[in-house]
Amino acid sequence: MAVQELAMPTASRVGTVVAIGQQVRVPKTAELVAAHLRRRIVRGELVEGDALPPEATLMEQFGVSRPTLREAFRVLESEALITVRRGAHGGARVHTPNGDIAARYAALVLEYRGTTLADIHQARAVIEPPCVAILAANRTQDDLDKLRLGVSETAAATATDDPGQCLQANLAFHVLLVELAGNTTLSVLSGMLRHILDLATLSYPAADRSPEHRLTIRRRLVDHERVVDLIEARDARAAEDLWREHLLEAGRYLTDGPVAATVLDLLG
């Protein structure tokens with residue numbers, strides 16, 4: 001009986017190991033080929049616009065069939081890492097990873113969840129102010145030159161009285177502040193938000209050309225000028241506070257208007 005009692009737990013443990021082992025999936029050959037090419041693209045061994053070797057060459061190098069190679073190509077195409085053209089002058093060309101692809105997918109997730117435009121602007125209010133503080137503490141003269149140029153471009157767009165140009169110039173300045181802060185992760189996230197807002201502008205209601213809206217746009221331009229002055233003075237606390245209030249004011253403007261409740265509609 002003692003032998004049986006000891007053996008039964010052992011058998012049970014062995015059975016558990018076997019069950020776990022059965023859940024391991026061996027990657028398909030096409031996935032392995034795609035992983036090899038993906039790795040070379042991400043590591044910069046293949047750069048934007050590079051042409052991959054002809055199919056026959058790749059088939060020989062990888063030791064795979066044409067259907068397997070084309071399946072690998074489809075995987076990479078779905079990730080926007082290559083484009084494939086058929087025909088005599090066709091072939092596969094490389095594309096470096098692009099945050100816009102991730103942004104488009106994220107936008108669909110947000111749209112599915114009924115996310116409003118005000119919600120996205122609120123997310124910017126969380127990301128940007130600390131970045132402004134980092135930039136103020138570490139700014140260089142080159143950073144200031146880029147910021148002054150951004151302010152000039154925003155002013156020029158404001159002078160056109162074109163709502164579309166004003167919006168794009170404002171978004172570009174916001175992203176510039178984050179990029180110059182030097183945090184790659186925050187820069188990617190900010191870029192994704194900007195791309196989503198770019199997509200969403202196609203679905204905005206008719207542009208607001210009221211005197212109140214024009215006054216709001218000009219006040220925002222003044223804030224752009226002031227924040228650059230504070231960054232130049234390395235006043236990180238004041239720059240962060242100003243930019244937070246700037247974004248909250250924009251959020252309040254949205255909350256009081258019809259755009260606030262506009263749910264993302266990127267599918268038309």
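Parameters at a glance
Residues numbered from 1 in each chain as written. Predicted model: local features only at pLDDT ≥ 70, side-chain atom pairs only at ≥ 80, totals over all residues. Heavy atoms only, no water. pLDDT = per-residue confidence, 0-100. Helix = DSSP H or I, 4+ residues; strand = E, 2+ residues; numbered from the N terminus. Contact = heavy atoms within 4.5 Å. Buried < 20%, exposed > 50% of the residue type's maximum accessible area, 1.4 Å probe, protein only. Expected span 1.5 Å × (residues − 1). Arc of directions from axis to C-beta. Salt bridge = Lys/Arg side-chain N within 4 Å of Asp/Glu carboxyl O. Pairing = 2+ DSSP bridges.

A.B. asks: Quick one: what's the story with the confidence of the model for the protein, residue by residue and with numbers?
C.D. replies: Summary statistics for the protein give a mean pLDDT of 83 and a share of 80% for residues scoring 70 or more. Mean pLDDT per element in the protein: helix H1 (residues 2-22) is the minimum at 47, and helix H2 (residues 29-42) is the maximum at 96. Low pLDDT, under 50, characterises residues 1-13; the predicted model gives this stretch zero contacts beyond four residues in sequence or across chains.

A.B. asks: Run through the side chain of Glu55, naming residues and quoting values.
C.D. replies: Counting through the fold element by element, Glu55 comes out in helix H3 (residues 55-62). With relative accessibility at 18%, the residue Glu55 sits in the buried group. The contact partners of Glu55, leaving out residues within four places of it in the chain, are Arg66, Leu69, Arg70, Phe73 and Arg86.

A.B. asks: Requested: an account of helix H4 (residues 66-78), with residues and values cited.
C.D. replies: Quick reminder: α-helices carry 3.6 residues per turn. Residues three or four places apart thus point the same way. Helix length check: H4 (13 residues) gives 18 Å between terminal C-alpha atoms against 18 Å at 1.5 Å per residue, within 8%. Buried within H4 we find Thr68, Leu69, Ala72, Phe73 and Leu76. All buried residues of H4 lie within an arc of 145 degrees about the axis, which places them on one face of the element. Projecting away from the buried face of H4 at angles above 90 degrees are the exposed residues Pro67 and Ser78. Buried-residue contacts for H4 involve H2, H3, strand S1 (82-85) and strand S2 (91-94). Following H4 by one or two positions, Ala80 has its phi on the positive side, about 60 degrees.

A.B. asks: Now, about unusual backbone geometry: what can you tell me, with residues and values included?
C.D. replies: Of note, the phi angle at Ala80 is positive, near 60 degrees, even though the residue is not glycine. By secondary structure assignment, the location of Ala80 is in the loop between H4 and S1. In this structure, Arg234 is a non-glycine residue whose phi angle is positive, near 60 degrees. Residue Arg234 is classed as partly exposed on the basis of its relative accessible area, which comes to 45%.

A.B. asks: With reference to specific residues and values, describe the pattern of salt bridges.
C.D. replies: If you walk through the whole model with that rule in mind, you get 15 salt bridges. Sharing partners across several salt bridges, the network here consists of Glu55, Arg66, Arg70 and Arg86.

A.B. asks: So what about the pairing of S2? Which residues, and what values?
C.D. replies: Covered by surrounding structure in S2 are Ala92 and Val94 only, the residues Gly91 and Arg93 on the alternate face being uncovered. For S1 and S2, the ladder comprises four bridges, and the chain directions are antiparallel. Looking at S2, one finds that Thr83 is bridged to Arg93. What sits between S1 and S2 in their antiparallel hairpin is a turn of five residues, with Gly87 showing a positive phi close to 105 degrees.

A.B. asks: Any details on the environment of His224? Residues and values, ideally.
C.D. replies: Here His224 is to be found in helix H10 (residues 211-232). Taking C-alpha positions, His224 is 6.4 Å from Val151, a pair spaced 73 residues apart along the chain. Once residues lying within four places of it in the same chain are set aside, the contact partners of His224 are Val151, Thr154, Asn170, Phe173, His174, Trp243 and His246.

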